[in-house]
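Residues per chain are reported as follows:
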Amino acid sequence: MDLNLLSLATLLVLGFIASFLNAIVGGGGLISLPALMAVGLPPSTAIATNKLANTISNGTSMLTFLRAGKVDFKQIGKILPFIFIGSLIGAYTVHLVSPSILKPLMLVMLVLVATYTLLKKDWGQNATERILSAGKKLGFLCAFAAIGFYDGFFGPGTGSFFIFILLMMGNDFLQAAGNAKAFNFTSNLAALSMFLVLGQVNFLYGLPMGFVMIFGAILGSKFALTRGTNLMRMIFIVMTCVLIVKNAWDYFGSH
């Protein structure tokens with residue numbers, strides 16, 4: 001595909017904004033994926049190219065949170081392989097089935113996430129140590145693997161889902177955001193690996209977009225680390241509601 005400079009300039013601006021928001025509470029795919037589709041990339045190529053840019057962006061965010069002590073590999077290390085495998089399968093499934101089939105389920109899940117977070121006003125303000133039963137551990141592993149599959153298959157809202165499950169496990173918003181970046185990086189890397197094998201990544205758009213997203217990710221991560229959990233909770237709720245409105249508009253508009 002030929003490089004269109006106007007399209008590239010648009011992607012650089014929107015990519016920066018997407019990575020800034022994504023570094024704080026997730027939801028950047030709401031901006032970056034439609035932007036890639038808008039410049040003429042087919043859905044599967046847009047998803048694959050978005051994974052290239054987001055792997056770079058989430059890797060940067062993860063390192064920033066890691067330096068601040070907000071990524072706990074002792075807690076999440078055993079979860080990462082499940083997310084990696086789930087994302088690999090999801091990415092492979094993209095060229096077999098249209099990602100649009102997941103939109104109704106994603107819409108319901110986002111509504112549940114927003115409702116629960118609004119009702120639990122003190123949720124995520126402080127980290128709590130929780131002893132999980134074997135059944136709950138298995139349930140969380142399955143949830144993380146399913147989110148990994150979703151990220152490889154489609155993507156927008158993945159960070160919000162990861163943060164929500166981590167809050168349920170007892171993380172505060174900052175710790176959940178940091179751990180979610182490690183999860184996001186893992187799922188992005190797995191999906192990118194599969195898309196590279198399938199030859200669906202557009203490097204002409206993906207690499208410049210990813211480069212600019214590094215700076216958005218650094219600024220967004222530092223913003224999150226300095227603003228504390230109260231603002232994080234508010235931004236999380238706002239971004240989840242925006243995701244709900246956008247996906248409801250897309251879904252019901254197409255029907």
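Up top you'll find the structure we're talking about.
Residues numbered from 1 in each chain as written. Predicted model: local features only at pLDDT ≥ 70, side-chain atom pairs only at ≥ 80, totals over all residues. Heavy atoms only, no water.

### So, the overall build of the protein chain
Alright, step 1. Across its full length, the protein chain holds 10 helices and zero strands.
Alright, step 2. Moving toward the C terminus, one meets the helices and strands of the protein chain in the order α-α-α-α-α-α-α-α-α-α.
Alright, step 3. With the C-alpha coordinates of the protein chain rotated into their principal frame, the extents come out at 55 × 35 × 35 Å.
Alright, step 4. The buried share of the protein chain, reckoned over its 255 residues, is 53%.
Alright, step 5. In the protein chain, the share of contacts with a sequence separation of at least 24, taken over all contacts with a separation of at least 6, comes to 84%.
Alright, step 6. When the accessible area of the protein chain is evaluated, it comes to approximately 11,300 Å², of which 71% is carbon and sulfur surface.
Alright, step 7. Seen as two clouds, the 16 positive and the 7 negative side-chain charges of the protein chain have centres 5 Å apart. (Helix = DSSP H or I, 4+ residues; strand = E, 2+ residues; numbered from the N terminus. Buried < 20%, exposed > 50% of the residue type's maximum accessible area, 1.4 Å probe, protein only. Contact = heavy atoms within 4.5 Å. Areas by Shrake-Rupley, 256 points an atom, 1.4 Å probe, with all protein chains shown as cover. Lys, Arg positive; Asp, Glu negative; His and termini not counted. Charge placed at Lys NZ, Arg CZ, Asp CG, Glu CD.)

### A word on the side chain of Thr93
Alright, step 1. Topologically, Thr93 is positioned in helix α5 (residues 80–94).
Alright, step 2. Overall, Thr93 belongs to the buried group, its relative accessible area being 17%.
Alright, step 3. Contacts of Thr93, omitting those with residues within four sequence positions, involve Phe149 and Phe153.

### Description of the pattern of salt bridges
Alright, step 1. Per the stated rule, a full pass over the model turns up one salt bridge.
Alright, step 2. The partner of Lys51 in a salt bridge is Asp151, and the shortest N-O contact between them spans 3.6 Å. Of this pair, Lys51 sits in helix α3 (residues 43–67) while Asp151 is found in helix α7 (residues 134–153), placing the two residues 100 residues apart along the sequence. (Salt bridge = Lys/Arg side-chain N within 4 Å of Asp/Glu carboxyl O.)

### Digging into empty space enclosed by the protein
Alright, step 1. All chains considered together, the criterion is met by one cavity of 30 Å³ or more.
Alright, step 2. Along the wall of the largest cavity there are 15 residues; nearest its centre are Asn22, Asn54, Asp151, Gly155 and Asn184.
Alright, step 3. Going through the elements one at a time, α3, α8 (158–168) and α9 (173–198) are the ones with two or more residues in the lining of the largest cavity.
Alright, step 4. In terms of residues, the lining of the largest cavity owes the most to one element, α3, which gives four residues.
Alright, step 5. By residue class, the composition of the lining of the largest cavity is one nonpolar, 12 polar and two charged. (1 Å grid on protein atoms, 1.4 Å probe; cavity = no way out; pocket = protein on both sides within 12 Å on 5 of 7 lines; lining within 4 Å. Points joined across faces, edges and corners; volume = space filled by probe spheres on them. Nonpolar A, V, L, I, M, F, W, Y, C, P; charged D, E, K, R; others polar.)

### Structural notes on the side chain of Asp172
Alright, step 1. Following the sequence through the fold, Asp172 ends up in the loop between α8 and α9.
Alright, step 2. Although Asp172 lies buried, it forms no salt bridge, and the closest oppositely charged side chain, Lys70, sits 4.9 Å away as judged by the N-O distance.
Alright, step 3. One polar contact links the side chain of Asp172 to the main-chain amide nitrogen of Leu174, over a distance of 3.2 Å. (Polar contact = N/O pair within 3.5 Å; in protein donor to acceptor, adjacent residues only side chain to side chain.)

### A few points about the environment of Ala35
Alright, step 1. Relative to the helices and strands, Ala35 resides in helix α2 (residues 29–38).
Alright, step 2. Taking the relative accessible area as the measure of exposure, Ala35 reaches 7% and is therefore buried.
Alright, step 3. A C-alpha to C-alpha distance of 14 Å links Ala35 and Asn4, two positions 31 residues apart in sequence.
Alright, step 4. Among all residues touching Ala35, those that are not within four sequence positions of it are Leu11 and Leu14.

### A few points about the packing of aromatic side chains
Alright, step 1. Per the counting criterion, the structure on display carries eight aromatic pairs.
Alright, step 2. Where Phe162 meets Phe183, the ring centres are 5.3 Å apart and the plane angle is 50°; that geometry is what we call tilted. Of the two residues, Phe162 is situated in helix α8 and Phe183 in helix α9; the sequence distance between them amounts to 21 residues. Like Phe162, the residue Phe183 is buried in the burial classification.
Alright, step 3. In this structure an aromatic cluster arises from ring pairing among Phe144, Phe162 and Phe183. (Phe/Tyr/Trp six-rings, centres within 6.5 Å; stacked < 30°, edge-to-face > 60°.)

### Points about the environment of Val212
Alright, step 1. Structurally, Val212 can be placed in helix α10 (residues 203–253).
Alright, step 2. For Val212, the contacting residues outside a window of four places in its chain are Leu12 and Phe16.

### Notes on the packing of α5 against α7
Alright, step 1. With their axes 6 Å apart at the nearest point, α5 and α7 run at an angle of 35° to one another. At the point where α5 passes α7, the crossing takes the right-handed sense. Facing α5, whose interface residues are Phe82, Ile83, Gly86, Ser87, Ile89, Gly90, Ala91, Thr93 and Val94, α7 presents Leu141, Phe144, Ala145, Gly148, Phe149, Gly152 and Phe153.
Alright, step 2. Grouping the amino acids of the contact of α5 with α7 by side-chain chemistry returns 10 nonpolar, six polar and no charged. (Axes fitted to C-alpha atoms, helices over the stretch in contact; angles between N-to-C directions. Left-handed = near helix turned anticlockwise from the far one by under 90°.)

Remember that the coordinates give geometry; whether it matters functionally is a separate question.
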